[in-house]
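Residue-level structural notes
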Amino acid sequence: MKTRREFLRVAAVGAAASATQHLWAEQTGRTAAVPDVSGANSLQAHADAHGLLVGCAVVPEKLTGEPEYAGLVSAQSNILVPENAMKWKALRPAPDKFNFSGADTIVAFASAHGRKVRGHNLCWHVAIPDWFAATVTKDNARQILTEHIRTVAGRYAGKLHSWDVVNEAIDPKSGLPNGMRKSPWLELVGPDYVDLAFRTAREADPAPLLTYNDYAIETDAPDETEKREAVLALVRGMKKRGVPIDAVGVQSHLKTQNPAPGKGLRDFVRELRQMGLRVFVTELDVDEKKLEGSESERDAAIARIYRDYVTMMVAEPNVDAVLTWGITDRYTWLNGPKWARPDGKPQRCLPFYADYEPAPAFFALRDAVDTRLAGR
Ligand code: G3I
């Protein structure tokens, strides 16, 4: 039960932050002074006040090579996730070799700054090393998968908040039973590869929250609804078989042209809660490839999506982490060739602009975090 004082505090914080955001959003060309988002005004400070985890995907070379990037990450986040550094492709230069340098850098940075780390990921059909196809067979796939998980999860034992154990195993478009994705793991290990990965991860490190992570499960569009159902069935089956799973990651790569996420996702989160599972928003960003208008109009539309989405998600008590996929538009996968805007302008998809100044999305995200108490 909230006290009157808590109510007033939340309302005051919300009103002040909102006023700043509106002012900032109205400014074209960003000629006015940049609002101070350090210390008590940081996203991290607001999240800490509500017991929420907030953070972003990071790149080790930038943490060590760019003080401004490292400063921003540590000022705004209480949890980090490697964007690529813990994937097979980064860790496994050869079948008999591991290279932990990037992953170690991130874990050391987090530890030095008292931040948590999510591991991403132990088993995925993408970012597989070039040697994989010629080396992994039906005869050795189980052993290679379990050995990888034991080695990697074992190295970071006791140091991680959570692991994305299996990433993106569901894809109804593959046309296979139970909505399983056609992937090398399914083909070489068999349909129990998901269970195997989770059981092995738990044995290697009992500490982290073991997470199944997937995308395109946010909106009520028919294909996303179908995918969400298949994810739910997968997780339900795992629970029934006693497979150790603690959380589901909703990647949350939102697109401006898609319908706003709503009832379907809310029901999904609630159903997972009934199963005793947590939900993390693991890779939030807003693809604005198709958005037209001036920069300030685009920024306002993007900010609205951040605000509405995060407000909806943090109102659910089992959602306790929100991570964006990167922190600055300077480094985002959405500026890669496949996602580039037709007008050639860079995407404005993350809370900080390419020059590290806060975008309206930052204030929207911070306001949304502040609704946490009000929503519970
Ligand atoms: O590091 C090499 C570099 O040496 C080389 O010169 C360059 C040439 O293409 O490639 C670089 O590697 C790229 C890597 O990102 C680092 O920038 C890979 O080609 C590229 O495929 C890789 O893309 C990543 C992608 O996952 C595949 O692993 C993206 O950065 C990363 O944002 C993206 O993240 C995924 C999540 O893991 C899962 N959910 C979806 C999300 C977005 O696709």
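Residues numbered from 1 in each chain as written. Predicted model: local features only at pLDDT ≥ 70, side-chain atom pairs only at ≥ 80, totals over all residues. Heavy atoms only, no water.

Secondary structure summary: the protein chain contains 14 helices and 9 strands in total. Taking 21 Å as the expected radius of gyration for a compact globule of 376 residues, we find that the protein chain reaches 20 Å, a close match to that expectation. Taking all 376 residues of the protein chain together, 56% fall into the buried category. Partitioning the intrachain contacts of the protein chain with sequence separation of at least 6 by distance along the chain shows that 79% fall at a separation of at least 24. Total accessible area computed for the protein chain in this model is approximately 15,700 Å², and 53% of it derives from carbon and sulfur atoms. (Helix = DSSP H or I, 4+ residues; strand = E, 2+ residues; numbered from the N terminus. Rg over C-alpha atoms; globule rule 2.2 N^0.38 Å. Buried < 20%, exposed > 50% of the residue type's maximum accessible area, 1.4 Å probe, protein only. Contact = heavy atoms within 4.5 Å. Areas by Shrake-Rupley, 256 points an atom, 1.4 Å probe, with all protein chains shown as cover.)

This paragraph deals with unusual backbone geometry. With omega at -10°, the peptide bond leading from His120 into Asn121 counts as cis. Despite not being glycine, Ala216 shows a phi value in the positive range, around 55°. On the secondary structure map, Ala216 appears in the loop between β5 (209–214) and α11 (222–240). Ala216 gets classed as partly exposed once you look at its relative accessible area, which sits at 21%. Non-glycine residue Ser252 carries a positive phi angle of around 70°. Within the secondary structure layout, Ser252 lies in the loop between β6 (247–250) and β7 (253–255). Looking at Ser252, the relative accessible area reads 0%, which means it is buried.

This paragraph deals with the nonpolar core. Counting 103 residues, the largest nonpolar core has Val166, Tyr193 and Phe198 as the members making the most contacts within it. The contacts of Tyr193, once residues within four sequence positions are left out, are Cys123, Leu145, Val166, Ala169, Met180, Ser183, Trp185 and Leu186. Counting 10 residues, the second-largest nonpolar core is a separate cluster that includes Ile79, Val81, Ala321 and Leu323. (Core = buried A, V, L, I, M, F, W, Y, C linked by side-chain atoms within 4.5 Å.)

In the vicinity of the ligand, 13 residues are found, and the nearest of them are Glu83, Lys87, His120, Gln251 and Glu283. Within the side chain of Gln251, a nitrogen or oxygen atom sits 2.9 Å from a nitrogen atom of the ligand. Between a nitrogen atom of the ligand and a side-chain N or O atom of Glu283, the distance comes to 2.6 Å. Looking at the shell around the ligand, its residues break down into 4 nonpolar, 5 polar and 4 charged. (Near = heavy atom within 4 Å. Polar contact = N/O pair within 3.5 Å; in protein donor to acceptor, adjacent residues only side chain to side chain. Nonpolar A, V, L, I, M, F, W, Y, C, P; charged D, E, K, R; others polar.)

Moving on: the packing of aromatic side chains. How two aromatic rings sit relative to each other is given by the distance of their centres and the angle of their planes. Here the structure, examined in full by the defined rule, presents 10 aromatic pairs. When the ring of Phe98 is compared with that of Phe100, the centres are 5.5 Å apart and the planes differ by 5°; the resulting orientation is stacked. By relative accessible area, Phe100 is classed as buried at 10%. Three or more aromatic residues joined by ring pairs make a cluster, and in this case those are Trp88, Trp131, Phe132 and Trp185. In this arrangement the basic side chain of Arg92 is found over the ring face of Phe98, its NZ or CZ atom lying 4.1 Å from the centre. Here the guanidinium or amino end of Lys227 rests over the ring plane of Tyr215, the centre of that ring lying 3.7 Å away. (Phe/Tyr/Trp six-rings, centres within 6.5 Å; stacked < 30°, edge-to-face > 60°. Lys NZ or Arg CZ within 6 Å of the ring centre and 35° of its normal.)

All told, the structure shown has 20 salt bridges when counted by the stated rule. The partner of Asp192 in a salt bridge is Arg142, and the shortest N-O contact between them spans 2.8 Å. Linking Asp192 in the loop between α9 (184–188) and α10 (193–204) with Arg142 in helix α8 (residues 141–155), this pair joins segments that are 50 residues apart in sequence. Residue Asp192 is classed as partly exposed on the basis of its relative accessible area, which comes to 31%. (Salt bridge = Lys/Arg side-chain N within 4 Å of Asp/Glu carboxyl O.)

Next up on the list: empty space enclosed by the protein. Applying the stated criterion to the full structure yields 2 cavities of 30 Å³ or more. Considering only enclosed or pocket space, the largest cavity measures out at about 50 Å³ in volume. Taken together, Leu43, Gly55, Cys56, Gln76, Ser77, Thr324, Ile327, Pro351, Phe352 and Phe362 form the lining of the largest cavity. Classifying every residue of the lining of the largest cavity by side-chain character gives 6 nonpolar, 4 polar and no charged. Roughly 40 Å³ of volume is contained in the second largest cavity. (1 Å grid on protein atoms, 1.4 Å probe; cavity = no way out; pocket = protein on both sides within 12 Å on 5 of 7 lines; lining within 4 Å. Points joined across faces, edges and corners; volume = space filled by probe spheres on them.)

This next bit is on helix α14 (residues 360–370). In terms of residue burial, α14 counts as a mostly covered element, since 11 of its 11 residues are buried. Within α14, burial applies to Pro360, Ala361, Phe362, Phe363, Ala364, Leu365, Arg366, Asp367, Ala368, Val369 and Asp370.

It is worth spelling out the confidence of the model for the protein chain at this point. Put simply, the protein chain has an average pLDDT of 93, and 91% of its residues get 70 or more. Note that pLDDT drops below 50 for residues 1–15; the model gives that stretch 12 contacts with residues more than four away or on any other chain. (pLDDT = per-residue confidence, 0-100.)

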